[in-house]
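Chains, contacts and geometry: an overview
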Amino acid sequence: MQADENLKIVFEQVEMPLVPVLSRMERNGVLIDSMKLAQQSQEIAVRLDELERKAFDIAGEEFNLSSPKQLQAILFEKMGLPVLKKTPSGTPSTNEEVLQELALDYPLPAVILEYRGLAKLKSTYTDKLPKMVNGETGRVHTSYHQAVTATGRLSSTDPNLQNIPVRNDEGRRIRQAFIAPEGYTILAVDYSQIELRIMAHLSGDDALVDAFRHGKDIHAATAAEVMGLDISEVTSEMRRRAKAINFGLIYGMSAFGLSRQLGIPRGEAQEYMNLYFERYPGVKRYMEETRQQASEMGYVETLCGRRLHLPDIKSSNGMRRKAAERAAINAPMQGTAADIIKRAMVLVDQWLLQQEPGTARMLMQVHDELVLEVKSSLVDKVESEVRKLMEGAALLSVPLIADAGRGENWDQAH
């Protein structure tokens with residue numbers, strides 16, 4: 001029973017040693033600057049009012065921006081925008097995906113998206129975090145869960161630290177409110193492009209493995225390969241497109257998805273993908289074999305042997321089957337990355353327990369990143385050791401690289 005043995009290893013060597021580590025992190029909590037968040041809440045409220053007025057101007061009437069029913073009436077009945085998708089009850093959908101597509105051509109959906117994003121940040125974080133500060137510790141203590149996500153990634157609740165956006169200014173400003181106490185520094189260490197490195201390892205593709213082994217900028221190297229150029233000739237736009245392909249393929253993105261992301265015709269996107277697979281045949285082979293294995297077995301596995309079951313892989317519903325195929329390609333990479341960072345957390349925790357009390361403590365884990373609070377005088381030593389432990393948490397055919405940043409708050413350190 002090899003499979004049972006693999007699962008036993010995941011349970012005994014990855015999950016169980018992590019339990020006391022997560023318990024310590026939850027008890028450590030993280031220091032929050034409530035005044036900064038209160039100020040941000042007020043600023044977001046002003047911006048929400050501005051966006052509401054803007055939406056009313058475009059629509060020519062007042063309506064409730066948070067009501068899907070009223071939004072449907074404005075967008076599709078009054079303004080006659082194209083219906084891209086319907087809800088199960090047959091009414092036009094106003095979900096995020098639909099609004100994102102409409103926002104490419106029409107102003108109102110773009111305003112609604114910005115409004116929704118800010119309203120969610122305000123209710124979930126800037127309003128709520130100060131209320132979650134523990135009266136005794138003065139800190140916020142999240143709860144981590146090991147068995148919620150299918151891929152094995154950790155999730156967290158009350159508050160959910162995994163979903164604070166990092167790509168927009170407001171999200172980054174929320175991270176500025178996660179601060180270090182006097183005499184301490186926030187240290188954030190995260191894996192560089194871990195899922196692409198796992199893709200190189202799993203696929204064994206010569207060109208991809210070579211790029212990582214020689215420390216090349218992987219997106220520039222991909223652009224050079226696909227365009228048939230020297231890496232020195234790659235422009236920032238070419239690199240941007242290559243990056244979209246690299247990350248898109250990890251998530252099983254189609255040519256249609258790529259064309260939408262890059263804002264280029266579908267045919268052009270398909271051409272990019274064809275060229276990519278010509279240059280990286282090992283990746284194509286890996287993806288085809290993974291789809292086939294998923295279809296035959298009904299599951300895929302991570303490097304550690306964690307199983308991810310895909311009940312829809314043989315579904316007669318094309319959309320559900322395609323979604324399961326995308327998950328089959330992504331899950332071994334995302335799941336292996338989750339297993340590796342869990343191992344790294346155990347290693348870092350073991351090392352911290354051997355240090356002088358007050359040296360450092362682990363505060364948070366967010367996807368591929370560990371966040372610590374470190375005595376300012378010892379930050380060089382702790383950074384060096386944490387990076388070494390994280391880079392040694394798994395042995396792949398390409399190097400694992402951990403990048404570190406530091407600062408008075410999480411945003412500076414990130």
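The structure contained in this document is the topic of the report that follows.

Rules used throughout
Residues numbered from 1 in each chain as written. Predicted model: local features only at pLDDT ≥ 70, side-chain atom pairs only at ≥ 80, totals over all residues. Heavy atoms only, no water. Pairing = 2+ DSSP bridges. Helix = DSSP H or I, 4+ residues; strand = E, 2+ residues; numbered from the N terminus. Axes fitted to C-alpha atoms, helices over the stretch in contact; angles between N-to-C directions. Contact = heavy atoms within 4.5 Å. Buried < 20%, exposed > 50% of the residue type's maximum accessible area, 1.4 Å probe, protein only. Parallel < 35°, antiparallel > 145°, perpendicular 65-115°, else oblique. Nonpolar A, V, L, I, M, F, W, Y, C, P; charged D, E, K, R; others polar. Left-handed = near helix turned anticlockwise from the far one by under 90°. Salt bridge = Lys/Arg side-chain N within 4 Å of Asp/Glu carboxyl O.

All right, on to the sheet that holds strand E6 (residues 184-191) then. Spatially, the four strands line up as an open sheet ordered E9-E10-E6-E11, and their pairing is antiparallel. Taken across any chain shown, the strands that pair with only one partner, and hence form the sheet edges, are strand E9 (360-366) and strand E11 (402-407). Shown here is a sheet whose adjacent strand axes are inclined to one another by a mean of 20 degrees, direction ignored. Strand direction decides the pairing type here: E6 and strand E10 (residues 369-375), joined by seven bridges, are antiparallel. Within the sheet, the bridge partner assigned to threonine 185 lies in E10 and is valine 374. Its contacts with the sheet put helix H15 (residues 379-391) on E6, E9, E10 and E11, and the angle it makes with E6 is roughly 20 degrees.

Now for the pairing of E6. Burial analysis of E6 places six of its eight residues in the buried class, which makes it a mostly covered element. Sheet analysis places E6 next to E11, joined by six bridges and oriented antiparallel. Pairing of aspartate 190 across the sheet is with aspartate 403, part of E11.

We now examine unusual backbone geometry. Going from aspartate 158 to proline 159, the amide bond is cis rather than trans, its omega being -5 degrees. As for its position among the elements, proline 159 is in the loop between strand E4 (155-157) and helix H6 (169-176). The backbone of glutamine 193 shows a phi angle near 50 degrees, a positive value even though the residue is not glycine. For glutamine 193, the position within the fold is in the loop between E6 and helix H7 (194-203). The phi dihedral of histidine 367 falls on the positive side, at around 55 degrees, and the residue is not glycine. By secondary structure assignment, the location of histidine 367 is in the loop between E9 and E10.

The element E10 is largely enclosed, with a buried count of six among its seven residues. Both E9 and E10 contribute to a ladder of six bridges, which runs antiparallel. When the sheet's bridge partners are listed, arginine 361 is paired in E10 with glutamate 373. Counting the residues that bridge the hairpin from E9 to E10 gives two residues, and of these histidine 367 lies at a positive phi of roughly 55 degrees.

Here the focus is the packing of helix H10 (residues 236-250) against helix H12 (residues 266-279). Close contact between H10 and H12 brings their axes to 11 Å; oriented N to C, the two are set at 75 degrees. In this view, H10 runs roughly perpendicular relative to H12, as classed from their interaxial angle. When H10 is examined against H12, the residues Arg241, Ile245, Asn246 and Leu249 are found in contact with a partner set consisting of Glu268, Tyr272, Met273, Tyr276 and Phe277. The residue inventory of the contact of H10 with H12, partitioned by class, reads six nonpolar, one polar and two charged.

The next subject is the environment of serine 377. Relative to the assigned elements, serine 377 resides in the loop between E10 and H15. Residues serine 377 and tyrosine 184 lie 193 residues apart in sequence; the distance between their C-alpha atoms is 8.1 Å.

All right, on to the packing of H7 against helix H14 (residues 318-353) then. Viewed as axis vectors pointing N to C, H7 and H14 meet at an angle of 115 degrees, and their least axial separation amounts to 9 Å. Here H7 is positioned roughly perpendicular relative to H14, judged by the angle of their axes. Considering only the axes of H7 and H14, their crossing is right-handed. Residues Ile194, Glu195, Ile198, Met199 and Leu202 of H7 pack against Asn330, Pro332, Met333, Gln334, Thr336, Ala337 and Ile340 of H14. Across the contact of H7 with H14, the residue classes break down as eight nonpolar, three polar and one charged.

For the rest of this paragraph, the subject is the sheet that holds strand E2 (residues 139-140). With antiparallel pairing, three strands are arranged side by side in an open sheet as E2-E1-E5. The open sheet has two edge strands with one neighbour each: E2 and strand E5 (178-179). Of the strand pairs in this sheet, strand E1 (residues 30-32) and E2 are connected by two bridges, and their pairing is antiparallel. Bridge assignment links valine 30 to a residue of E2, and that residue is valine 140.

Attention now goes to the pattern of salt bridges. On inspection of all chains with the given rule, the structure shows 27 salt bridges. Between arginine 153 and glutamate 195 there is a salt bridge whose closest N-O contact spans 3.5 Å. Placement of arginine 153 in the loop between strand E3 (143-145) and E4 and of glutamate 195 in helix H7 is noted, with a sequence separation of 42 residues between them. Exposure remark for glutamate 195: the relative accessible area of 7% places this residue in the buried category. Where glutamate 268 meets arginine 241, a salt bridge forms, and the shortest distance between an N and an O atom there is 3.0 Å. Separated by 27 residues along the polypeptide, glutamate 268 in helix H12 and arginine 241 in helix H10 bring together distant segments of the chain. Given a relative accessible area of 33%, glutamate 268 falls into the partly exposed group.

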